[in-house]
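# Observations on the model geometry
Chain by chain, the residues:
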Amino acid sequence: QAAQPPDSLRANVAEPPDPGKRPKSITDAQIAVADRIVTVMNKFADQMDAARSDCRKATGVIKLTGGEVKAAMAETAPLQRQLGGDPAAMKWFQKAYGPKMIGAMSKLGGVVGTCRKEKYFEEAFRTLDIGGSRRPQTTNTPPTPPATPPARPPAAPPPAKPPAK
């Protein structure tokens, strides 16, 4: 029997919200894709979390499981495109699957934060294309502008006029 966390920890863990009734527009195939993505990402996050601050070990996890992670991540864009025109379906997926992904992303964030300064780790991680870790330009569309425009330096004052004679 698995050990249970102490009551003090269990009380701080929120239950994921009930996503409500699944919209009829969501197919079983879409559910299967989302389940596969969550399963792969949680397995990867657990393996990365086990590496903790051992950046060489974390890099090894990326190299060993990267193909599976990349395949799962490649399925997210088509799924999002399918759901993009259906706000009710998108909202349901966010409620149903968002909480399942947050734990994985939190685990990855710790390892990435620790190891990002290591060039070998960063190079391996960029190959995964997780959360914008790599943004190849494969279309002719311009890149998305940043949320806030870069600050402009103050304008130089106009040149001083020579004194009148």
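The structure reproduced in this document is the subject of the present report. (Residues numbered from 1 in each chain as written. Predicted model: local features only at pLDDT ≥ 70, side-chain atom pairs only at ≥ 80, totals over all residues. Heavy atoms only, no water.)

### With respect to the pattern of salt bridges
Considering all chains together, one arrives at 8 salt bridges under this definition. In this structure, Asp46 and Lys107 form a salt bridge, with 2.3 Å as the shortest nitrogen-oxygen distance. On the criterion of sequence distance, the pair formed by Asp46 in helix H2 (residues 28-51) and Lys107 in helix H5 (residues 87-115) is long-range, its members being 61 residues apart. Take Asp46: its relative accessible area is 40%, and that puts it in the partly exposed class. Taking relative accessible area as the criterion, Lys107 reaches 30% and is therefore assigned partly exposed. Glu123 serves as the salt-bridge partner of Lys119, at 3.9 Å between the closest nitrogen and oxygen. (Salt bridge = Lys/Arg side-chain N within 4 Å of Asp/Glu carboxyl O. Helix = DSSP H or I, 4+ residues; strand = E, 2+ residues; numbered from the N terminus. Buried < 20%, exposed > 50% of the residue type's maximum accessible area, 1.4 Å probe, protein only.)

### A look at the state of the cysteines
Simply put, disulfide is the name for a covalent bond between the sulfur atoms of two cysteines. All told, the structure shown has 1 disulfide when counted by the stated rule. Between the sulfur of Cys55 and that of Cys115 lies a disulfide, 2.2 Å long from S to S. On the sign convention where negative means left-handed, the S-S torsion of about -90 degrees between Cys55 and Cys115 marks this disulfide as left-handed. Of the two residues, Cys55 sits in helix H3 (residues 55-74) while Cys115 sits in helix H5, which places them 60 residues apart along the sequence. Taken as a pair, Cys55 and Cys115 share a single burial class, namely buried. (Disulfide = S-S within 2.5 Å.)

### Re the nonpolar core
Grouped together as the largest cluster of nonpolar side chains are 37 residues, with contacts concentrated most on Met41, Phe44, Met48, Phe93, Phe121 and Ile130. Those elements giving two or more residues to this core turn out to be H2, H3, helix H4 (76-84), H5 and helix H6 (119-126). (Core = buried A, V, L, I, M, F, W, Y, C linked by side-chain atoms within 4.5 Å.)

### Focus: the packing of H2 against H4
Where H2 meets H4, the closest approach of the two axes is 11 Å, and the angle between their N-to-C directions is 140 degrees. Between H2 and H4, the interaxial angle falls into the category oblique. Crossing geometry of H2 relative to H4 is assigned as left-handed. Side by side, H2 and H4 meet where Gln30, Val33, Ala34 and Ile37 of the first sit next to Thr76, Leu79, Gln82 and Leu83 of the second. Partitioning the contact of H2 with H4 into residue classes produces 5 nonpolar, 3 polar and no charged. (Axes fitted to C-alpha atoms, helices over the stretch in contact; angles between N-to-C directions. Parallel < 35°, antiparallel > 145°, perpendicular 65-115°, else oblique. Left-handed = near helix turned anticlockwise from the far one by under 90°. Contact = heavy atoms within 4.5 Å. Nonpolar A, V, L, I, M, F, W, Y, C, P; charged D, E, K, R; others polar.)

### Let's talk about the packing of aromatic side chains
Following the criterion strictly, the structure yields 4 aromatic pairs and no others. Ring plane angle 70 degrees and centroid distance 6.4 Å describe the contact between Trp92 and Tyr97, whose orientation is recorded as edge-to-face. For Trp92, a relative accessible area of 10% puts it in the buried group. Between the aromatic rings of Phe121 and Phe125, the centroid separation amounts to 5.8 Å while the plane-to-plane angle is 15 degrees, which identifies the pairing as stacked. Placement of both Phe121 and Phe125 in helix H6 is noted, with a separation of 4 residues, approximately one turn of the helix. Like Phe125, Phe121 is buried. Pairwise contacts between aromatic rings join Trp92, Phe93 and Tyr97 into one cluster. (Phe/Tyr/Trp six-rings, centres within 6.5 Å; stacked < 30°, edge-to-face > 60°.)

### Quick notes on empty space enclosed by the protein
If you walk through the whole model with that rule in mind, you get 1 cavity of 30 Å³ or more. Forming the boundary of the largest cavity are Val40, Lys43, Phe44, Gln47, Thr65, Glu68 and Val69. Mapped onto the lining of the largest cavity, the elements with two or more residues apiece are H2 and H3. In terms of residue count, H2 provides more of the lining of the largest cavity than any other element does, 4 residues in total. Broken down by class, the residue content of the lining of the largest cavity amounts to 3 nonpolar, 2 polar and 2 charged. (1 Å grid on protein atoms, 1.4 Å probe; cavity = no way out; pocket = protein on both sides within 12 Å on 5 of 7 lines; lining within 4 Å. Points joined across faces, edges and corners; volume = space filled by probe spheres on them.)

Honestly, that's just the spatial picture; any functional story needs more than this.
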